[in-house]
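Residues per chain are reported as follows:
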Amino acid sequence: MNDHYFNALERKIDQLLDHCHRLEQENQRLRLQETQLKDERARLLQLNDQTRSKVESMIQRLKALEQNA
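Residues numbered from 1 in each chain as written. Predicted model: local features only at pLDDT ≥ 70, side-chain atom pairs only at ≥ 80, totals over all residues. Heavy atoms only, no water.

The name recorded for the protein in an unreviewed UniProt entry is TIGR02449 family protein, from Marinobacterium rhizophilum.

1. Side note on a nonpolar patch on the surface
Taken together, the side chains of Tyr5, Phe6, Leu9, Ile13 and Leu17 present a nonpolar region at the surface, about 480 Å² in accessible area. In this structure, Ile13 sits in helix H1 (residues 3-68). (Patch = residues over 30% accessible without salt bridge, like charges linked within 9 Å, V, L, I, M, F, W, Y side chains within 5 Å. Areas by Shrake-Rupley, 256 points an atom, 1.4 Å probe, with all protein chains shown as cover. Salt bridge = Lys/Arg side-chain N within 4 Å of Asp/Glu carboxyl O. Helix = DSSP H or I, 4+ residues; strand = E, 2+ residues; numbered from the N terminus.)

2. Here we look at the pattern of salt bridges
Overall, the coordinates contain two salt bridges when judged by the stated rule. We note a salt bridge from Glu34 to Lys38, for which the minimum N-O separation is 3.5 Å. With Glu34 and Lys38 both in helix H1 and four residues apart, this pair spans about one turn of that helix. Overall, Glu34 belongs to the partly exposed group, its relative accessible area being 41%. The residue Arg52 makes a salt bridge to Asp49 at a minimum N-O spacing of 3.0 Å. In this pair, Arg52 and Asp49 are both assigned in helix H1, three residues apart and thus about one turn of the helix distant. Note on Arg52: relative accessible area 41%, which makes it partly exposed. (Buried < 20%, exposed > 50% of the residue type's maximum accessible area, 1.4 Å probe, protein only.)

What follows is the structure, given as structure tokens:
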């Protein structure tokens, strides 16, 4: 085997290592984004529940006012 073959192989290995590094970074960013989105979803679900409770409470008060009128 000659130097040309080894140089080509070395370049390919370097390209693969660079590609793996980029994929690891992308994976890390995606995991962080997933965590942030899960946190946001939980917050929005909680806010939705609070809003639903307030609306239900208002409906009950309106019904009570209607019955007393």
